[in-house]
Amino acid sequence: QVQLVESGGGLVQPGGSLRLSCAASGTIFDINHMGWYRQAPGKERELVAIATSGGFTNYQDSMKGRFTISREYAKNTVYLQMTSLKPEDTAVYYCNANLRTDWSAPHRNYWGQGTQVTVSL
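Residues numbered from 1 in each chain as written. Predicted model: local features only at pLDDT ≥ 70, side-chain atom pairs only at ≥ 80, totals over all residues. Heavy atoms only, no water.

1. Some thoughts on the environment of Leu-121
Spelled out, the test is: Labels follow the DSSP assignment, with helices taken as runs of H or I lasting at least four residues and strands as runs of E lasting at least two, numbered in each case from the N terminus. Using a 1.4 Å probe on the protein chains alone, a residue whose accessible area is under 20% of its type maximum counts as buried, one over 50% counts as exposed, and one in between counts as partly exposed.
Along the chain, the position of Leu-121 falls in the segment after strand E11 (115-119). Leu-121 sits in the exposed class, given a relative accessible area of 87%. With 55 residues separating them along the chain, Leu-121 and Arg-66 place their C-alpha atoms 19 Å apart.

Written as structure tokens, this is what we have:
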């Protein structure tokens, strides 16, 4: 069984910063990529940023320069440092990990429960 546990969400004023963390635990053989998605009310879930096992990172255009994704490989943890936050960044942020639980198993996507980020005065 695999669990992704997120932390770090909350209420922040426009222009502020937050750091999200997500730790994967359980039966994990290897992790391909980890990333962050978000879903605002009435909107579809969208990619925020992704970090591969090889160190490659990719961001949605509107987050480039403001958000930074990083991984701590030994701890199966991914972080999202968010700066210059805007009200439109308000959403539930979900952690994603593409991993396999055994050498013979296919890579599958696992999701965290989500953490609320609210940017408001």
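2. A look at the side chain of Glu-6
Cut-off, in case you're wondering: The charge count treats Lys and Arg as positive and Asp and Glu as negative. His and the chain ends do not count. Whenever a carboxyl oxygen of Asp or Glu lies within 4 Å of a side-chain nitrogen of Lys or Arg, that contact is scored as a salt bridge. Pairing of N or O atoms within 3.5 Å defines a polar contact, subject to two protein rules: one partner must be a possible hydrogen donor and the other a possible acceptor, and residues neighboring in sequence count only if both atoms are side-chain atoms. Here, two residues are considered to be in contact whenever any of their heavy atoms come within 4.5 Å of each other.
Tracing the sequence through the fold places Glu-6 in strand E1 (residues 2-7). Despite being buried, Glu-6 has no salt bridge partner; Arg-45 is the closest side chain of opposite charge, sitting 7.7 Å away. Of the polar contacts made by the side chain of Glu-6, one reaches the backbone nitrogen of Gln-113; its length is 3.1 Å. Excluding residues that lie within four positions of it along the chain, Glu-6 makes contacts with Ser-21, Cys-22, Trp-36, Tyr-93, Tyr-94, Cys-95, Gly-112, Gln-113, Gly-114 and Thr-115.

3. Describing the environment of Gly-55
Tracing the backbone shows Gly-55 in the loop between strand E5 (46-52) and strand E6 (57-59). The sequence separation of Gly-55 and Ala-74 amounts to 19 residues, and the corresponding C-alpha distance is 14 Å.

4. Regarding the packing of aromatic side chains
Threshold: Side-chain rings of Phe, Tyr and Trp (the six-membered ring for Trp) are treated as a pair once their centres are within 6.5 Å; stacked means planes under 30 degrees apart, edge-to-face means over 60, and tilted covers the remaining angles. Criterion for a charge above a ring: Lys NZ or Arg CZ within 6 Å of the ring centre, and within 35 degrees of the ring normal.
In the structure shown here, the tally under the stated rule is one aromatic pair. Centre to centre, the rings of Tyr-37 and Trp-111 are 5.0 Å apart; their planes meet at 65°, and the pair counts as edge-to-face. Of this pair, Tyr-37 sits in strand E4 (residues 30-39) while Trp-111 sits in strand E10 (residues 108-111); the two residues are 74 residues apart in sequence, bridging distant segments of the chain. The ring of Tyr-79 is capped by Arg-19, whose NZ or CZ atom sits 4.0 Å from the centre of that ring. Directly above the ring of Tyr-94 sits Arg-45, whose terminal nitrogen or CZ lies 3.8 Å from the centroid.

5. Focus: the side chain of Asn-98
As for its position among the elements, Asn-98 is in strand E9 (residues 91-100). Judged by its relative accessible area of 8%, Asn-98 is buried. A polar contact is formed between the side chain of Asn-98 and the side chain of Asn-109, at a distance of 3.2 Å. Non-local contacts of Asn-98, meaning those with residues more than four positions away in its chain, are made with Ile-31, Asn-32, His-33, His-107, Arg-108 and Asn-109.

6. Notes on the sheet that holds strand E7 (residues 67-72)
The test is simple: When DSSP finds two or more bridges between two strands, those strands count as paired. Think of each axis as a best-fit line through the C-alpha atoms, taken over the contacting stretch in the case of a helix, with angles from 0 to 180 degrees between the N-to-C directions.
Strand order in the open sheet formed by four strands is E1-E3-E8-E7, with antiparallel pairing between adjacent strands. Each of the sheet's edge strands pairs with one partner strand only, and the pair in question is E1 and E7. For this sheet, the mean inter-axis angle between neighbouring strands, taken without regard to orientation, is 15°.

7. Let's talk about the pairing of strand E3 (residues 18-26)
As defined by bridge partners, E1 adjoins E3 across six bridges and the pair is classed as antiparallel. Looking at the pairing, Val-5 lines up with Ala-23 of E3. In this sheet, strand E8 (residues 77-82) lies alongside E3 in antiparallel orientation, the contact comprising six bridges. Each bridged residue has a counterpart across the sheet, and for Ala-23 the counterpart in E8 is Thr-77.

Take it as geometry only, folks, not as evidence of what the structure does.
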